[in-house]
Amino acid sequence: MKIQTVWSEKDIHEVESQGIAILLAEGFTPEDYAVVAQFVDTDFAAYLELKKFTGAAGSMLALPIIQNKKITKLFFVGCGKKDNENLNIETYRRALGTLVTTAQAKKIESLVFAMPQATQYGVKAEFFAQQTSSILEIAGYKYDAFVTKAQDDTQKDVVVTVCCGTNDASGARVGFKTGQIIAQAVNRERDWVNTPPSRLTPTHIADMAQELATEHGLKATIFDGKKIKELGMEGLHGVSRGSSQDPRFVILEYKSKKADAPTLGFVGKGITFDSGGLSIKPANSMEEMKEDMAGAGSVINSIVALAQLQPDVNVVAVAAITENLVGPDALKPGDILRFYNGKTAEVRNTDAEGRLVLADALSYVTKNYTLDAVIDIATLTGACIYAVGPFFSALLSDNTNFADKVKAAGERSGDRVWALPFTPDFKTAIKSEIADMQNVGSPSIAAGTITAAWFLREFVENNTPWAHLDIASSAYNVPNISYYRPGATGSSVRLLIDLAMQWKA
Ligand code: BES
Ligand code: ZN
Ligand code: ZN
């Protein structure tokens, strides 16, 4: 039971459907739902008033109508009110999320609506159509790979036809297709994160990355455990020592057709299961630790989408992938590791493993590529959940210009970020007497999300503008957002794609 989106330049009443949705913002007039008259001769003004449907955000009214002797469901969907000049796009996304959830619950198999005017939202039709198709498909997602007895065998995919309405058709058509590609990447990332940890091993992710790269024309280079060790990546190798699974270091490259295009680096944390290692996690904190590869999944799936969308910017995505377990050769508290760039760190807590694998990945990509900017994505700290809550990822950066671009990409795409202060005050937290740094912050400087970022900062070479996104807050089980489902959210995929698509030097 998924959503299939279809673009149409026909009139809404020309599309045969089991459900018709009318999207209305607060302050709507009967003219805004005049289209209903094409289906049924009823005075809705009194009914909408009786039912107190005002178009408020989150509201929805569903009723059956009889049309050519057939019953059709009519949905009035509230799109909220204007912030300043414009309606709010996040409210629109959630309105579509509510619509999809209701259609699925009511077992509607086909649904049609006319896309509202993009200008009401202060955006171009292309962008608006992109948001429309991507959120519909994101909202339709369900992870059911292991449900053998389909809860309802009769439930088919829901086909949602979106009519162009009064929008610029040529732009909207392109945007709609883009949105489908974005949603595919987001949903594939969600599939990976939701997959049980013993089934999604480092080799498995690397194999899927290789396959996707071949399919979409990306260059792929993959290092196994032996090569990782030879290259001096003791962070990634060290963390992998507690596991029987061989680690992988995945490098995917998208090259734009434009000469002299700028190059962006994406770096992802790929811990396919984080037990904490010998500094083992309590049972309840371990329950969801299959999500700890979300950063790797995000950078891999984002670059795959970019290979399809072909922006004028090159992208290198690297992912450091391993399990963090407690085997006989596991990393021990007190161990000192030497990373790819030669720096060393004292491991005080083996559960702070994300920064160890990212240290190698960041130094590898910033030493071997000339990058205009690099961003790493990681479910890095539990502290992040308390610092920013589930609706945001934490952004850390010492480069205002780049941070502003990441923030803007977050706002546009709906993958919102919240910048935490990144002043040098916090850096002393990772000082070590016996190595260049230690992998946990001192308790007197308790801001764990910020001190972890200072650790990563040590591995950004060649003055590359850098930003770090801690998605521990937003990657999994985000409540109350109508277009998410329990489990993985695909956090940061929309942001990364937008960042590359909108990149201006
Ligand atoms: N993978 C965890 C962080 C995490 C927690 C992600 C909850 C998603 C949800 C990370 O490796 C970790 O365990 N970090 C430690 C660091 C500490 C030992 C300095 C943490 O946050 O407790
Ligand atoms: Zn950990
Ligand atoms: Zn972790």
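Conventions we followed
Residues numbered from 1 in each chain as written. Chains lettered and ligands numbered in written order. Predicted model: local features only at pLDDT ≥ 70, side-chain atom pairs only at ≥ 80, totals over all residues. Heavy atoms only, no water. Helix = DSSP H or I, 4+ residues; strand = E, 2+ residues; numbered from the N terminus. Buried < 20%, exposed > 50% of the residue type's maximum accessible area, 1.4 Å probe, protein only. Areas by Shrake-Rupley, 256 points an atom, 1.4 Å probe, with all protein chains shown as cover. Polar contact = N/O pair within 3.5 Å; in protein donor to acceptor, adjacent residues only side chain to side chain. Contact = heavy atoms within 4.5 Å. Salt bridge = Lys/Arg side-chain N within 4 Å of Asp/Glu carboxyl O. Core = buried A, V, L, I, M, F, W, Y, C linked by side-chain atoms within 4.5 Å. Pairing = 2+ DSSP bridges. Axes fitted to C-alpha atoms, helices over the stretch in contact; angles between N-to-C directions. Donors = N, O, S within 2.8 Å, 3.2 Å for Na, K, Ca; no water. Tetrahedral: all angles 85-135°; square planar, octahedral: opposite > 155°, others 65-115°. Near = heavy atom within 4 Å. Nonpolar A, V, L, I, M, F, W, Y, C, P; charged D, E, K, R; others polar. Expected span 1.5 Å × (residues − 1).

Visitor: Outline the overall build of the protein chain, listing residues and values.
Guide: Scanning the protein chain for helices and strands turns up 14 helices and 17 strands. Across its three principal axes, the protein chain shows a C-alpha extent of roughly 80 × 50 × 45 Å. The burial tally for the protein chain puts 59% of its 505 residues in the buried class. A total accessible area of about 20,800 Å² is found for the protein chain, and carbon and sulfur atoms account for 50% of it.

Visitor: Tell me about the side chain of Asn-301, and please be specific about residues and values.
Guide: Along the polypeptide, Asn-301 turns up in helix H9 (residues 294-309). With a relative accessible area of 0%, Asn-301 lands in the buried category. A distance of 2.9 Å separates a polar atom in the side chain of Asn-301 from the backbone oxygen of Gly-297. Residues in contact with Asn-301, not counting those within four places in the same chain, are Ala-185, Arg-188, Glu-189, Trp-192 and Leu-212.

Visitor: Just give me the short version of the pattern of salt bridges, but keep the residues and values in it.
Guide: The full count for this structure, using the stated rule, is 20 salt bridges. One salt bridge in this structure joins Glu-16 and Lys-70, with 2.7 Å as the shortest N-O distance. Taken together, the residues Glu-16 in the loop between strand E1 (3-8) and strand E2 (19-24) and Lys-70 in strand E4 (residues 70-78) connect sequence positions 54 residues apart. Residue Glu-16 is classed as exposed on the basis of its relative accessible area, which comes to 63%. Given a relative accessible area of 46%, Lys-70 falls into the partly exposed group. Two residues, Arg-93 and Glu-90, come together in a salt bridge whose shortest N-O distance is 2.5 Å.

Visitor: Tell me about the nonpolar core, and please be specific about residues and values.
Guide: Ranked by internal contacts, the top residues of the largest apolar core, which has 98 residues, are Tyr-92, Phe-113, Phe-266, Ile-375, Val-406 and Leu-469. A per-element tally of this core places H9 first, with 10 residues. When neighbours within four sequence positions are excluded, Phe-113 is seen to be in contact with Ile-12, Ala-21, Leu-23, Tyr-92, Leu-96, Leu-99, Thr-132, Leu-136, Val-160, Thr-161, Val-162 and Cys-163. Among the nonpolar cores identified, the runner-up in size contains 49 residues, and Ile-251, Val-365, Val-374 and Ala-394 belong to it.

Visitor: Account for the sheet that holds strand E12 (residues 344-346), with residues named and values stated.
Guide: What the three strands build is an open sheet, ordered E11-E12-E16; its pairing is mixed. With partners counted over all chains shown, the strands left at the sheet margins are strand E11 (336-338) and strand E16 (437-438), one partner each. Judged from the three bridges that link them, E11 and E12 form a sheet pairing that is antiparallel. Across the sheet, residue Ile-336 finds its bridge partner in E12, namely Glu-346.

Visitor: Go over the sheet that holds strand E17 (residues 466-470) with me, naming the residues and quoting the values.
Guide: Strands sit in the order E7-E8-E10-E9-E13-E17-E14-E15 across an open sheet of eight strands; the sheet is mixed. Whereas interior strands pair on both sides, the edge strands pair on one side only; in this sheet they are strand E7 (219-223) and strand E15 (417-419). On average, adjacent strands in this sheet sit at an angle of 20 degrees to one another, irrespective of strand direction. Pairing between strand E8 (residues 248-254) and strand E10 (residues 314-324): seven bridges, direction antiparallel. By the bridge assignment for E10, Val-250 is matched with Ala-319. On top of the sheet, H9 reaches E8, strand E9 (263-274), E10 and strand E13 (373-378); it is set at about 140 degrees to E9, its chief contact.

Visitor: Go over the coordination of the zinc ion (ligand 2) with me, naming the residues and quoting the values.
Guide: All of the protein donors around the zinc ion (ligand 2) are Asp-274 (OD), Asp-351 (O), Asp-351 (OD) and Glu-353 (OE); their distances to the metal are 2.0 to 2.2 Å. Considering all six donor atoms around the zinc ion (ligand 2), angles at the metal cover 71 to 169 degrees and the coordination shape is irregular. Ordering the donors of the zinc ion (ligand 2) by residue number gives the pattern D-x76-D-x1-E. In this structure, the zinc ion (ligand 2) lies 3.2 Å from the zinc ion (ligand 3), and both are coordinated by Asp-274. Taken as a pair, Asp-274 in strand E9 and Glu-353 in the loop between E12 and helix H10 (354-368) lie far apart in primary sequence, 79 residues in all. For the pair shown, Asp-274 and Glu-353 are each scored as buried.

Visitor: How would you sum up the coordination of the zinc ion (ligand 3)? Please name residues and give values.
Guide: Taken together, Lys-269 (NZ), Asp-274 (OD), Asp-292 (OD) and Glu-353 (OE) make up the full set of protein donors to the zinc ion (ligand 3), lying 2.0 to 2.4 Å away. Classification of the site at the zinc ion (ligand 3) as octahedral follows from its six donor atoms and the range of 78 to 172 degrees in their angles at the metal. Counting the intervening residues between successive donors of the zinc ion (ligand 3) yields the motif K-x4-D-x17-D-x60-E. Overall, the relative accessible area of 0% leaves Glu-353 in the buried class.

Visitor: Lay out the site of ligand 1 in plain terms, naming residues and giving numbers.
Guide: If you check the shell around ligand 1, you find 17 residues, and the closest are Lys-281, Asp-292, Asp-351, Glu-353 and Gly-382. Between an oxygen atom of ligand 1 and a side-chain N or O atom of Lys-281, the distance comes to 2.7 Å. Within the side chain of Asp-292, an N or O atom sits 2.9 Å from a nitrogen atom of ligand 1. The protein chains hide 79% of the 520 Å² of surface that ligand 1 would expose on its own. When the residues that make up the shell around ligand 1 are grouped by side-chain class, the tally is five nonpolar, four polar and eight charged.

Visitor: Which residues make up helix H4 (residues 169-194), and what values do they have?
Guide: In an α-helix, one full turn covers 3.6 residues, which means residues spaced three or four apart are oriented alike. Here H4 contains 26 residues, and its C-alpha end-to-end distance of 37 Å stays within 8% of the 38 Å for a straight helix at 1.5 Å per residue. For H4, a buried count of 19 out of 26 residues is recorded, marking the element as mostly surrounded by other parts of the structure.

Visitor: Mind laying out the pairing of E9, listing which residues take part and the relevant values?
Guide: Across the 12 residues of E9, 12 count as buried, placing the element largely inside the fold. One ladder, built from 10 bridges, connects E9 with E10; its direction is parallel. If you follow Gly-268 over to E10, its bridge partner there is Ala-319. Sheet topology note: the E9/E13 ladder contains five bridges and is parallel.

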